[in-house]
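Working through the structure, step by step
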Amino acid sequence: MTEQSIALEQNSTAQDSTAQNSTAPNTRIDFIYLNEQDMIAAGVKEMAACVDAMEETLRLVGEGDYRMGGPLGNSHGSMMTFPEEPKFEGMPHDAPHRRFMAMPAYLGGSFQTTGCKWYGSNPENRDAGLPRSILMFTLSDKDTGAPLAFMSANLLSAYRTGAIPGVGQRYLARKDARTIGVVAPGVMNKTSLEAFMAVNPELNHLKIQGRTRSRAEDFAVWAKEQFPQLTTEVVDTVEDAVRGSDIVTIAPTTPAGSENYLKIERDWVKPGAFISLPADIMIDEDLLREARHVADNRDLYEAWHEEVPFPGHEHIGLHGMYLMDRIQEGKIAAATLEDLPAIMAGKSPGRQHEDEIFLFSVGGMPVEDVAWGTVVYRNAIERGVGTKLNLWETPELR
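Every chain is numbered on its own, with residues counted from 1 as its sequence reads. In view of the model being predicted, local features appear only for residues whose pLDDT reaches at least 70, and side-chain atom pairs are presented and counted only at 80 or more, with totals across whole chains, interfaces and linings using the full set of residues. Calculated side-chain values reflect all of the structure's heavy atoms, with hydrogen atoms and water omitted.

**A look at helix α11 (residues 319-328)**
To keep it simple, the criterion reads: When accessible area is computed with a 1.4 Å probe and restricted to protein chains, residues below 20% of their type maximum are described as buried, those above 50% as exposed, and intermediate ones as partly exposed. Helix and strand definitions here come from DSSP, where helices need a minimum of 4 consecutive H or I residues and strands a minimum of 2 consecutive E residues; each element is numbered from the N-terminal end.
Across the ten residues of α11, nine count as buried, placing the element largely inside the fold. What α11 keeps buried is the set H319, G320, M321, Y322, L323, M324, D325, R326 and I327. With its phi angle positive at about 80°, G330 sits one or two positions after the end of α11.

Listed below in structure tokens is the structure:
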């Protein structure tokens, strides 16, 4: 069933005999609202399915069957920030990770939908017991633009973000990997760990490093409850978490500027390691030279690099942006930043020997929200989850 037919079925209502015989079009539009508990009931936390959906998404990205914002269709989104010293009463002030953002996309293949994630981010939210970011997602019919669903998106975003490292692991990590190192035990690394375990349930040892020992210990308790097969170890330094680990995920929240980013050294990294980098990072020259560097979608970083001032890594601390800067400076070859969709399609080689080190830059794309949002929406329709809302019976303006 296409999304258009799902929408028509969803929007159909019993009509009286006169309406049934009428040739007038049915202009009624209904959609469903999914709060966070509805999202859970509709499967938003089903990580194995999410990894599979993200794998399909990256295949479609590699084939070009997608669109995002910007003139080349590869923009991460449109971001609004605030001045450091606002001139107007009531205007928010600038702070690290304080922003509003809209992230639209279309995805083809089996999805055939469009959508837009909207969120506000303010670290001060945590003082009020709220997440740093509060997200909502609108899923729309690709042809009419009619809403199909309006959904709570914190879990949607967290799970699709964590699932992408799982896809990277599936294609790039060693199959005999057993030890995971986690740096920054927050939400992003919770879902990354869930994805790693979904892809490889044989993983059996977890090392955790956090800014505070208590956060690392809380993460260890959670991980042991979720995955009893894991032995857990809280370590003191980033180096301790990286050394000896087959899979590493590093996801701190830091202010912009390379002086604030965590730095990893080649000497720490085990031969054959797969390192997932969904947040700000620096690396040393030896690791730059000896590792392979793979992006979730290389075109995303090229678009970002056009949108922000040079050097882009000072504004967006992702590993892919660091490489784009070095490429622009002529210090490394353009081919240094590889593309996971190309590897998945067999256009570029995957792991060629057991000692290869992979650094995987995870930027996050709105097509991922569309993909997982579509799966969850279809689950909600099938499972009878959500609240049906009406947009209009007949539009006032046509």
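Having put the structure on the table, let's press on.
**Here's the deal with the sheet that holds strand β11 (residues 247-250)**
Where strands meet in a sheet, backbone hydrogen bonds hold them as pairs that are either parallel or antiparallel. So the rule is basically this: Should DSSP find at least two bridges between two strands, the strands are regarded as paired. Fitted lines through C-alpha atoms give the axes, limited to the stretch in contact for helices. The angle between two N-to-C directions lies from 0 to 180 degrees.
The strand order across the open sheet formed by eight strands is β10-β9-β8-β11-β13-β17-β15-β16, and the pairing between neighbours is parallel. In this open sheet, the two edge strands, each paired with only one partner strand, are β10 (231-234) and β16 (337-339). Along the sheet, successive strands turn relative to each other by an average axial angle of 20°, direction set aside. Across three bridges, the pairing between β11 and strand β13 (residues 274-277) is parallel. Across the sheet, T249 pairs through a bridge with S276, a residue of β13.

**Examining the nonpolar core**
Basically, it comes down to this: We call a set of buried residues a nonpolar core when its members are Ala, Val, Leu, Ile, Met, Phe, Trp, Tyr or Cys and they connect through side-chain atoms within 4.5 Å of each other. Should any heavy atoms of two residues lie within 4.5 Å, those residues are considered in contact.
The biggest cluster of nonpolar side chains holds 109 residues, and the ones touching the most others in it are L193 and I264. Residues within four places of I264 in sequence aside, it is in contact with V238, V242, I250, I275, I281, M282, I283, D284 and L287.

**A short note on the pairing of strand β4 (residues 99-107)**
Burial along β4 is one-sided: the residues R99, M101, M103, A105 and L107 are buried and none of F100, A102, P104 and Y106 is. Across three bridges, the pairing between strand β2 (residues 66-68) and β4 is antiparallel. What sits directly across from M68, in β4, is A105. Direction of pairing for strand β3 (residues 78-80) relative to β4: antiparallel, over a ladder of three bridges. Among the inter-strand pairings, M79 is bridged to a residue of β4, identified as M101. Strand direction decides the pairing type here: β4 and strand β5 (residues 113-121), joined by nine bridges, are antiparallel. Within β5, the position partnered with F100 by the bridge is G120.

**Re the pattern of salt bridges**
Rule in force here: What makes a salt bridge here is a side-chain nitrogen of Lys or Arg within 4 Å of a carboxyl oxygen of Asp or Glu, nothing more.
This structure, assessed with the given rule, holds 26 salt bridges. Ionic pairing is found between E338 and R292, a salt bridge with its closest N-O pair at 2.7 Å. A residue pair is termed long-range when its members are at least 10 positions apart, and E338 in strand β16 and R292 in strand β15 (residues 292-295) qualify at 46 residues. Through salt bridges that share partners, R28, D30, K388 and E393 make up one connected network.

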